[in-house]
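Secondary and tertiary structure notes
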Amino acid sequence: MGRMAAKVRQQILRIGKMRTCPANFSKRRVLARKRGFTLVELLVVIVLIGIVTAVILPEMRGTQGDAQLRAATRKILNVCALASSRAVTLNQDQVVRIQGEEYFLESARKKKDGKSKEPERGKFSSKITVSILQIPQEDSKENEAQEPTSDSDNSLKFFSDGTAEAKIIELKDRDGFGLKLRMNPTIARFRVSEISRE
């Protein structure tokens, strides 16, 4: 039994030395370091995320405004194409009217009983302003140099023969960017161009 007790004591001493051994201690430290990140590493990553966000965020604002402007343009183009198609199909003039943030598509004349059909409605983003401008008559030379004037009723008429009124629709966002839709009255289609920023 004495021999066995001596062996057990030697093993206990060996294990005790392993725990207090500096070489073993440094191995544990290396393992502990590999498991996590240091505070400096975390701060560097947070600073990099902040810099990237600061660079990208202003670009995203312009993208959102541009998307709203293009969405409003698509809505106008779609409702005008529908008005032109209805005018020819039903052999009845159609009117697209814009009031503030809303647009309406309605028949130009009332029914015989004096009632008219409820107009179709749609809405633009509140951040987009829409205005309809009257193009000056081209028969006189002095009118050619004139700028388009504001249309009082803010409407665009489509005729049953497939033509339309010659007008310009301007869309602008709050940042001053805009699109100009110029109506070709002969074929009742728009030409889209960008407005220079003011």
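In this report, we go over the structure that sits alongside the text. Keep in mind the model is a prediction, meaning the values are calculated, not measured. (Residues numbered from 1 in each chain as written. Predicted model: local features only at pLDDT ≥ 70, side-chain atom pairs only at ≥ 80, totals over all residues. Heavy atoms only, no water.)

Considerations on the overall build of the chain
Assigned secondary structure in the chain consists of four helices and nine strands. For the chain, buried positions account for 24% of its 198 residues. The long-range share in the chain, meaning contacts at least 24 apart out of those at least 6 apart in sequence, stands at 47%. (Helix = DSSP H or I, 4+ residues; strand = E, 2+ residues; numbered from the N terminus. Buried < 20%, exposed > 50% of the residue type's maximum accessible area, 1.4 Å probe, protein only. Contact = heavy atoms within 4.5 Å.)

Remarks on the pattern of salt bridges
Here the structure, examined in full by the defined rule, presents five salt bridges. Where Arg-70 meets Glu-194, a salt bridge forms, and the shortest distance between an N and an O atom there is 3.6 Å. Of this pair, Arg-70 sits in helix 3 (residues 39-90) while Glu-194 sits in strand 9 (residues 189-195), and the two are 124 residues apart along the sequence. A relative accessible area of 34% means that Arg-70 is categorised as partly exposed. (Salt bridge = Lys/Arg side-chain N within 4 Å of Asp/Glu carboxyl O.)

What to know about the packing of aromatic side chains
For the coordinates displayed, the defined rule picks out one aromatic pair. Ring geometry for Tyr-103 and Phe-124: centres 5.1 Å apart, planes at 45°, overall tilted. Taken as a pair, Tyr-103 in strand 2 (residues 102-107) and Phe-124 in the loop between strand 3 (120-123) and strand 4 (128-134) lie far apart in primary sequence, 21 residues in all. The pair formed by Tyr-103 and Phe-124 is uniform in burial state, with each residue classed as buried. (Phe/Tyr/Trp six-rings, centres within 6.5 Å; stacked < 30°, edge-to-face > 60°.)

Considering the sheet that holds strand 3
With antiparallel pairing, the four strands of this open sheet are ordered in space as 3-2-1-6. Where the open sheet ends on each side, the last strands, each with one partner, are strand 3 and strand 6 (155-158). Ignoring strand direction, the axes of neighbouring strands in this sheet form an average angle of 15°. (Pairing = 2+ DSSP bridges. Axes fitted to C-alpha atoms, helices over the stretch in contact; angles between N-to-C directions.)

Quick look at the pairing of strand 9
Each regular strand shows side chains that alternate between the opposite faces of the sheet. Sheet topology note: the strand 8 (residues 178-184)/strand 9 ladder contains seven bridges and is antiparallel. Paired with Asn-184 across the two strands is Arg-189, which belongs to strand 9. Hairpin remark: strand 8 followed by strand 9, antiparallel, with four residues in the connecting loop; positive phi at Ala-188, about 55°.

A word on the nonpolar core
Among the nonpolar cores identified, the biggest contains 25 residues, and Ile-76, Cys-80, Val-130, Phe-158, Ile-169 and Leu-171 are the most heavily contacted of them. Those elements giving two or more residues to this core turn out to be helix 3, strand 1 (94-99), strand 2, strand 4, strand 6, strand 7 (167-173) and strand 8. Here this core gets seven residues from one element, more than from any other, and that element is helix 3. (Core = buried A, V, L, I, M, F, W, Y, C linked by side-chain atoms within 4.5 Å.)

Let's talk about unusual backbone geometry
Phi angles above zero are rare outside glycine, and Asn-91 is one such case at about 55°. Looking at the element boundaries, Asn-91 is found in the loop between helix 3 and strand 1.

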